[in-house]
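Below are the chains, spelled out letter by letter.
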Number of protein chains: 2
Amino acid sequence: VLSIFKPDESETIRIDAPSLRKLVAAIFERCGVPEDDAALGADVLVTADLRGVDSHGVSNMLRNYVAGYNRGAINPRPNIKVVQERRATATIDCDLGLGVMVAPKAMAMAIAKAKETGIGTVTMRNGNHLGMASYHAMLALEHDMVGMCMTAVGASMLPTFGSEPRLGTNPIAIAAPAGEMHPFVLDIATTVVAGNKLGLVRRLGATIPGNWIADGRGSIISEPGLLPAEYKLLPIGGTREMGSHKGYGLAMVVEIMCSLLAGAEPAGIGDRGRYNHMVAAYDIDAFSSVPEFKARMDQWLRTMEATPPAPGHERVLTPGQLEAEAEVERGAKGIPLHVEVVEWLRGVAQEYAIPVAL
Amino acid sequence: VLSIFKPDESETIRIDAPSLRKLVAAIFERCGVPEDDAALGADVLVTADLRGVDSHGVSNMLRNYVAGYNRGAINPRPNIKVVQERRATATIDCDLGLGVMVAPKAMAMAIAKAKETGIGTVTMRNGNHLGMASYHAMLALEHDMVGMCMTAVGASMLPTFGSEPRLGTNPIAIAAPAGEMHPFVLDIATTVVAGNKLGLVRRLGATIPGNWIADGRGSIISEPGLLPAEYKLLPIGGTREMGSHKGYGLAMVVEIMCSLLAGAEPAGIGDRGRYNHMVAAYDIDAFSSVPEFKARMDQWLRTMEATPPAPGHERVLTPGQLEAEAEVERGAKGIPLHVEVVEWLRGVAQEYAIPVAL
């Protein structure tokens, strides 16, 4: 089933990243977002597309954001406030601004704090969707730091043994720099499968594996089959025997670090979409030596990728490897967007009188 | 299969925690460990037993530690050195001391740093086994902090698609205080199943579920059956479709935070047992309000535990709940140790002339 998540080339049009970035920035500006934030938001979305993370790129997210601005759920000009601060920490009130643009500012604070004390951690409450979490974690890389980003998002995941969703997909992203090799970049939801991938499964009528989801009553569907009308997401592992209590527990950790630590209600409880976030930066130079760290990362990533594959498999991958490969390919050949998405973008460009040729 | 991990009462003898703590401390002292460290080490092991985490208690670990001291692999009087330090961070060389006693000292440093700057993070290289990781994370609780502990341990886990182990079980523990409710305590290996549980599976001839382990060649065993002679551990999720790349990625994160950040070789690479660790403390008061945090934790844990169970299940649990229940029960009735373990303890007590009646 995983192969369906690769776009079908015959239905896509390749758009070069700079044009797409320009158009997306203009669309954000038409939603009332200031110029700097609009450019930043466009970079977050297009970077996801460049890295092959289509679930968090332009085609999947931009329409939601535009709709959110239009109905007043997202604040285009938030008054971002530091509500509490110490030398290595801060808590920010996002004033319902889009996390896409707030998280990079929080990460800049965390990096500045880490330069001084060794670490910086910034929590963000009262926010909105932050896009691809690894974008924010990766901001630490050029400062020779390890970056981290988590976000607590609504309620879609069942607790192990539960029948009602109490947690979101609550992703965790960690980025660490290497020397010659691609950086280590892990960016994972704490559910077995991301919610928006199941939308694609339904559209294509694909068969899903057993233990991927639960039915409407909360019973785990253990046999492969089509997606039922109603379903609920399961924590990583799927069943208790396969370790779902671990995915469930990690999703709770994300709530603690993003919501409770920031002085906010858990995002998975209550009746509206809420988002709270956390970023952290660890200055490698505070713990050991940067050149040594990078040389070890290079050697280690090469060793991992050279692991003899198990029967039936071609190669062992490391986190961030496929994304780095996609970035090279899509940077050169353009980003494959579904024709229907390109039509929508062209329509919006025309409606908003944005002079851009896709 | 999970039910076999509960001890069979007919084969156990209940030992009260104070007696066990005293005996274990005396055994550590006979291994050359100073009195304070011996008492601390005993507390770590007996706390695991009290909390029902038998895999990391006296019966499973003490013999390994005694053997390690006797063959010189563990240093009973390590010269623990802070090799690098900033206001919120430190890196410690453990001088091959047992992490069981070194990690609490590192956590005390992290807590002191967190009081000042908001967070403290201490990495430890050149170490030995640290026991139940959540013991160290939980040290933060009485300071109204969130605690974290990770440890990178040897090579037993296959990378996703790989045929040779490149990572350890690499556990992650996080503890957060509540008010009236039990604290949140998550303590999870990043493998589907812990290695020492499989020893018990073999002894009892139990059937294991499909996708729990891979065979000697690295092929995942997808059907339930008996444990084969040779096997390899899989990351949380088991198969790629069920999210094993997430467990694999998290195990690599543990290596980065414990080993690479501390300036050490990855513990999963190379030919000998290595251990590197990390602890962190987050001062809740730096981010928001302690009373508010605890009240929210109480309400949230109650809400989670009151989630209507899925068909066929009795109740929804939260991390740390069963352990808190065990602590009450075992604190009152004693710790159930296998008769064979009690015999061994009595033998050691006699051999070392330790005056204790079990």
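Please refer to the structure placed before this passage.
My aim in this report is to walk through the structure given alongside it, one point at a time. (Residues numbered from 1 in each chain as written. Chains lettered and ligands numbered in written order. Predicted model: local features only at pLDDT ≥ 70, side-chain atom pairs only at ≥ 80, totals over all residues. Heavy atoms only, no water.)

Helix and strand content of chain A: 11 helices and 11 strands. For 358 residues, the compact-globule formula gives about 21 Å, and the C-alpha radius of gyration of chain A, at 20 Å, lands near that figure. Projected onto its principal axes, the C-alpha positions of chain A cover 55 × 50 × 45 Å. Relative to its 358 residues, chain A shows a buried fraction of 58%. For chain A, contacts bridging at least 24 residues in sequence account for 65% of all contacts bridging at least 6. Carbon and sulfur atoms provide 50% of the accessible area of chain A, an area that totals close to 13,000 Å². For chain A, the separation between the mean place of its 33 positive charges and that of its 40 negative charges on side chains is 3 Å. (Helix = DSSP H or I, 4+ residues; strand = E, 2+ residues; numbered from the N terminus. Rg over C-alpha atoms; globule rule 2.2 N^0.38 Å. Buried < 20%, exposed > 50% of the residue type's maximum accessible area, 1.4 Å probe, protein only. Contact = heavy atoms within 4.5 Å. Areas by Shrake-Rupley, 256 points an atom, 1.4 Å probe, with all protein chains shown as cover. Lys, Arg positive; Asp, Glu negative; His and termini not counted. Charge placed at Lys NZ, Arg CZ, Asp CG, Glu CD.)

Looking now at the relation of the copies chain B and chain A. Relative to chain A, chain B is turned by 180 degrees and slid 0.0 Å along the rotation axis, the superposed coordinates differing by an RMSD of 0.0 Å. Look at the turn and shift together and you get a two-fold axis relating the two. The rotation axis passes nearest to the C-alpha of B:G237 in chain B, at a distance of 2.1 Å. When the interface residues of chain B are mapped onto chain A, 100% of them are again interface residues, pointing to one common binding face. (Least-squares fit on C-alpha atoms with pLDDT ≥ 70 in both.)

Glancing now at the pairing of strand β4 (residues 119–127) of chain B. All names here are of chain B. Taking burial as the measure, the 9 residues of β4 include 7 buried ones, the bulk of the element. Inspection of the sheet shows strand β3 (residues 89–93) paired to β4 by 5 bridges, in the parallel sense. The partner of D93 across the bridge, within β4, is R125. Since β3 and β4 lie parallel, the crossover through helix α4 (residues 99–117) that links them has a hand, and here it is right-handed. Bridge count between β4 and strand β10 (residues 275–283): 7 bridges; the pairing is antiparallel. Bridging across to β10, M124 finds its partner in H277. (Pairing = 2+ DSSP bridges. Right-handed = clockwise from strand over helix to strand, strands pointing away.)

A word on the sheet that holds β4(B). All names here are of chain B. Taken together, the 7 strands give an open sheet; going across it, the order is β2-β3-β4-β10-β5-β6-β7, and neighbouring strands pair in mixed fashion. Both edges of this open sheet fall to β2 (81–85) and β7 (184–188), since each of them pairs with a single strand only. If you compare each strand with its neighbour and ignore which way they point, the axes differ by 15 degrees on average. Across 9 bridges, strand β5 (residues 145–153) lies against β10 in antiparallel orientation. Bridged to V153 within β10 is Y275. Across the sheet, α4 touches β2, β3, β4, β5 and β10, and the angle it forms with β4 is around 155 degrees. (Axes fitted to C-alpha atoms, helices over the stretch in contact; angles between N-to-C directions.)

Residues and elements named next belong to chain A. One open sheet accounts for 7 strands, arranged β2-β3-β4-β10-β5-β6-β7; its pairing is mixed. Every other strand in the sheet has two partners, leaving β2 (81–85) and β7 (184–188) as the edge strands with one partner each. The sheet shows a mean angle of 15 degrees between the axes of neighbouring strands, taken without regard to direction. Sheet analysis places strand β6 (residues 172–176) next to β7, joined by 5 bridges and oriented antiparallel. The residue of β7 that forms the bridge with I172 is I188.

Applying the stated rule across the entire model yields 36 salt bridges over all chains. In this structure, the salt-bridge partner of B:D285 is A:R86, at a minimum N-O distance of 3.2 Å. Pair noted here: B:D285 is in helix α8 (residues 284–287) and A:R86 is in the loop between β2 and β3 (89–93), and the two residues belong to different chains. Given the relative accessible area of 43%, B:D285 is considered partly exposed. (Salt bridge = Lys/Arg side-chain N within 4 Å of Asp/Glu carboxyl O.)

Contact with chain B, which involves 95 residues of that partner, is made by 95 residues of chain A. Between chain B and chain A, a total of about 8,000 Å² is buried, with carbon and sulfur atoms accounting for 67% of that surface. Inspection of the chain B/chain A interface yields 6 salt bridges. When the shortest N-O distance is used, the salt bridge between B:R296 and A:E265 registers 2.8 Å. Seen at the junction of chain B and chain A, the total is 36 residue pairs in polar contact (both at pLDDT 80 or more). No other element matches helix α7 (residues 244–260) of chain B, which puts 11 residues into the side of chain B that touches chain A. Looking at the side of chain B that touches chain A residue by residue, the classes come out as 50 nonpolar, 27 polar and 18 charged. (Buried area = accessible area lost by both parts, 1.4 Å probe. Polar contact = N/O pair within 3.5 Å; in protein donor to acceptor, adjacent residues only side chain to side chain. Nonpolar A, V, L, I, M, F, W, Y, C, P; charged D, E, K, R; others polar.)

All names here are of chain A. Tallying each qualifying case throughout the model produces 4 aromatic pairs over all chains. Where F28 meets Y65, the ring centres are 6.5 Å apart and the plane angle is 25 degrees; that geometry is what we call stacked. With F28 in helix α1 (residues 17–30) and Y65 in helix α3 (residues 58–70), the pair connects residues that are 37 residues apart, well separated along the chain. Judged on exposure class, the residue F28 and its partner Y65 are both buried. (Phe/Tyr/Trp six-rings, centres within 6.5 Å; stacked < 30°, edge-to-face > 60°.)

Residue and element names in this part refer to chain B. Note on placement: V201 falls in helix α6 (residues 195–204). Residue classification places V201 among the buried residues on the basis of a relative accessible area of 1%. Residues V201 and R21, 180 residues apart in the sequence, show an inter-C-alpha distance of 28 Å.

All told, the structure shown has 3 cavities of 30 Å³ or more when counted by the stated rule. Here the largest cavity is characterised by a volume of approximately 200 Å³. Along the walls of the largest cavity sit 17 residues, with A:M148, A:M150, B:M148, B:M150 and B:I172 positioned nearest its centre. Breaking the lining of the largest cavity down by element, the ones donating at least two residues are β5 (145–153), β6 and α7 (244–260) of chain A together with β5, β6 (172–176), α7 and β10 of chain B. Across the lining of the largest cavity, the residue classes tally to 17 nonpolar, no polar and no charged. (1 Å grid on protein atoms, 1.4 Å probe; cavity = no way out; pocket = protein on both sides within 12 Å on 5 of 7 lines; lining within 4 Å. Points joined across faces, edges and corners; volume = space filled by probe spheres on them.)

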